[in-house]
Amino acid sequence: MSRYLALCFGYLKCHWVEQLMSGLRVLKERIASGSVVVGIYGLGYVGLPLALRFSEVGIKVIGFDIDVSKVDSLNNGKSYIERLQAEEIVAAQNNGFEATSDFSRTQDVDALIICVPTPLNVYREPDLSYVEKTLASILPYFKEGQLLSLESTTWPGTTEEVLAPALNNQGFIPGENCALVFSPEREDPGNTKYSTKDIPKVIGGMTPSCLELGTQLYKHAINQMVPVSTPRAAEMTKLLENIHRAVNIGLVNEMKIVADKMGINIHEVIEAAATKPFGFVAYKPGPGLGGHCIPIDPFYLTWKAREYGINTRFIELAGEINHYMPRWVVQKVTDALNEKEKAIKGSKILILGLSYKKNIDDTRESPAVEIMSLLEEKGAQIAYSDPHVPVFPRKRDYFFELKSVELTQANIEQYDCIIIATDHDAFNYDALLKHGQLIVDTRGRFQRHSKVVSA
């Protein structure tokens, strides 16, 4: 009798496993045939380009966002990101793309890709609240046979320690009745050489079957996939890429300060060093770090490393230097005005460029904004000019009731000091030199001029 029960139990177990796996087989078939429906959660600078790319190759996409104004814009065929044209939105709509704030539509998709922000909190520790809130909105509608991919940059272990348990608590086991992967975004706003499809995509899966499904999904939209052994390896890969840049930018910013004290033009030095055909990579100094990755990502690793008893001194030192740079710029402005027998309090100061790098409209973590705040604290009358950002956007930490100032001769002449925070190509630099009273250049746009102070 016991043998009979064992055989029955074995049969039922095999049948149960087969039923669970059948959902992943259907997903695999839908991915292979191109009939898969992709849900993109977070339609910002990362999510929207990815959604448009999947749509471009004929994949049905549903975009999810809690910002109703974004959803309405997209459904009306309009873009709110400068580099993405309305024509691209309309083309995607013709291929079935639609945007929604109704998360119950999660049950209509096969693959779910989370592209929400992962900022730092006031203690410079990881803030996963956007990821966690998105998960909470998804899970009531998640079903067997779906694939979940996290693209938001985070600390190594997030996929295994946060996402997988959340799925497990609802009865979903990656590799058995669903799939779970981590594939970090690598968007570079303003880069005309490498678009979404051209940037090789790193991916790690919870199981080999998860990795295979995720890789095959992204292959529809991305030219080259880079599979790694685990989600942790993929998470660490993204952090290494951005820590590499943060540390080297910190080094060259420190070199700028040293060179300035010695009366040496750091930009001349960098150009000369870059002529060496091996062993040197040129990094440019600036007013601080900006963007959605480099100012933030290193602290995700330093926070996680403390769990293992490791103090990441090298990374934190670079962070201190880069975080200091806006204050360095303000001190240079103060000194330059003093040379003209003017106090910073009451001076009219124009900041050129609000975005974190040239020729884009992305102001996330822009050092220009912190410079504006520091100047205002010292009593300066501030304004900004940026053709890519006509109205100052509302932020978590800063807000100014300001609109971009046009760079007419009269406007240029009225400011006591003009700070080049971001060197957009659209600016008329000849007019600045001709009509400006004092220019503080943080980007090395000018080389040695009586009106220009390098900062």
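Report follows, based on the coordinates.

Conventions and cut-offs
Residues numbered from 1 in each chain as written. Predicted model: local features only at pLDDT ≥ 70, side-chain atom pairs only at ≥ 80, totals over all residues. Heavy atoms only, no water. Helix = DSSP H or I, 4+ residues; strand = E, 2+ residues; numbered from the N terminus. Buried < 20%, exposed > 50% of the residue type's maximum accessible area, 1.4 Å probe, protein only. Contact = heavy atoms within 4.5 Å. Areas by Shrake-Rupley, 256 points an atom, 1.4 Å probe, with all protein chains shown as cover. Phe/Tyr/Trp six-rings, centres within 6.5 Å; stacked < 30°, edge-to-face > 60°. Lys NZ or Arg CZ within 6 Å of the ring centre and 35° of its normal. 1 Å grid on protein atoms, 1.4 Å probe; cavity = no way out; pocket = protein on both sides within 12 Å on 5 of 7 lines; lining within 4 Å. Points joined across faces, edges and corners; volume = space filled by probe spheres on them. Pairing = 2+ DSSP bridges. Axes fitted to C-alpha atoms, helices over the stretch in contact; angles between N-to-C directions. Parallel < 35°, antiparallel > 145°, perpendicular 65-115°, else oblique. Left-handed = near helix turned anticlockwise from the far one by under 90°. Nonpolar A, V, L, I, M, F, W, Y, C, P; charged D, E, K, R; others polar.

### Section: the overall build of the protein
On a plain count of helices and strands, the protein comes out with 14 helices and 13 strands. Considering the protein as a whole, with its 455 residues, one finds that 52% of them fall into the buried category. The long-range share in the protein, meaning contacts at least 24 apart out of those at least 6 apart in sequence, stands at 69%. With the model as given, the accessible surface of the protein reaches about 21,500 Å², and the carbon-plus-sulfur share is 53%.

### So, unusual backbone geometry
Leave glycine aside and you will find that most residues have negative phi; peptide bonds, for their part, are mostly trans. Of note, Arg-124 is a non-glycine position whose phi angle comes to about 60°, a positive value. Within the secondary structure, Arg-124 sits in the loop between β4 (111–114) and α5 (129–138). With relative accessibility at 35%, the residue Arg-124 sits in the partly exposed group. One non-glycine residue with positive phi stands out, namely Glu-365, at about 55°. Looking at where Glu-365 falls in the secondary structure, it is placed in the loop between β9 (348–352) and α12 (367–377). Using a relative accessible area of 44% as the deciding quantity, one classes Glu-365 as partly exposed.

### Focus: the packing of aromatic side chains
Applying the stated criterion across every chain yields a total of 11 aromatic pairs. Between Trp-155 and Trp-303, the ring centres sit 5.4 Å apart and the planes meet at 50°, which makes this aromatic pair tilted. Taken together, the residues Trp-155 in the loop between β5 (147–150) and α6 (158–168) and Trp-303 in helix α10 (residues 297–307) connect sequence positions 148 residues apart. Taking the relative accessible area as the measure of exposure, Trp-155 reaches 6% and is therefore buried. For Trp-303, a relative accessible area of 28% puts it in the partly exposed group. Between the aromatic rings of Phe-392 and Phe-400, the centroid separation amounts to 5.2 Å while the plane-to-plane angle is 85°, which identifies the pairing as edge-to-face. Across this residue pair, the class does not change: Phe-392 and Phe-400 are buried. Here a set of aromatic residues connected by ring pairs shows up, and it is made of Tyr-384, Phe-392, Phe-399 and Phe-400. Above the ring of Tyr-218, the side-chain terminus of Lys-201 is found at 4.9 Å from the ring centroid.

### Let's talk about α12
Counted residue by residue, α12 has nine buried out of 11 residues, so it is predominantly covered. Inspection of α12 places Pro-367, Ala-368, Val-369, Glu-370, Ile-371, Met-372, Ser-373, Leu-374 and Leu-375 among the buried residues, and these make up the whole buried set. Buried residues along α12 sit against α11 (313–339), β9, β10 (381–385) and β11 (417–420).

### Some words on the layout of surface pockets
Taken as a whole, the second largest pocket holds about 1,300 Å³ of empty space. Elements that contribute at least two residues to the lining of the second largest pocket include exactly α8 (231–261) and α9 (266–273).

### Overview of the sheet that holds strand β7 (residues 201–205)
Taken in spatial order, the eight strands make up an open sheet running β3-β2-β1-β4-β5-β6-β7-β8, and their pairing is mixed. Edge positions in the sheet fall to β3 (98–100) and β8 (225–228), since each has one partner strand and no second. Taking each pair of neighbouring strands and ignoring which way they run, the sheet shows an average axis angle of 25°. Most of the contacts of α5 go to β4, to which it runs at about 160°, and overall it touches β1 (37–41), β4 and β5.

### Focus on the packing of α8 against α11
Interhelical geometry of α8 versus α11 gives an angle of 45° and a closest axis separation of 8 Å. By the angle class used here, α8 and α11 are oblique. In terms of crossing hand, the pair formed by α8 and α11 is left-handed. Residues Ile-243, Ala-246, Val-247, Ile-249, Gly-250, Asn-253, Glu-254, Lys-256, Ile-257, Asp-260 and Lys-261 of α8 form the contact with α11, whose own contacting residues are Phe-314, Ile-315, Ala-318, Ile-321, Asn-322, Tyr-324, Met-325, Trp-328 and Lys-332.

### Let's talk about empty space enclosed by the protein
Applying the stated rule across the entire model yields one cavity of 30 Å³ or more. Quantified by volume, the largest cavity comes out at close to 130 Å³. Around the largest cavity, the lining residues are Val-46, Leu-50, Glu-151, Pro-184, Glu-185, Arg-186, Glu-187, Thr-196, Ile-199, Pro-200, Lys-201 and Ile-222. For the lining of the largest cavity, the per-class residue count stands at six nonpolar, one polar and five charged.

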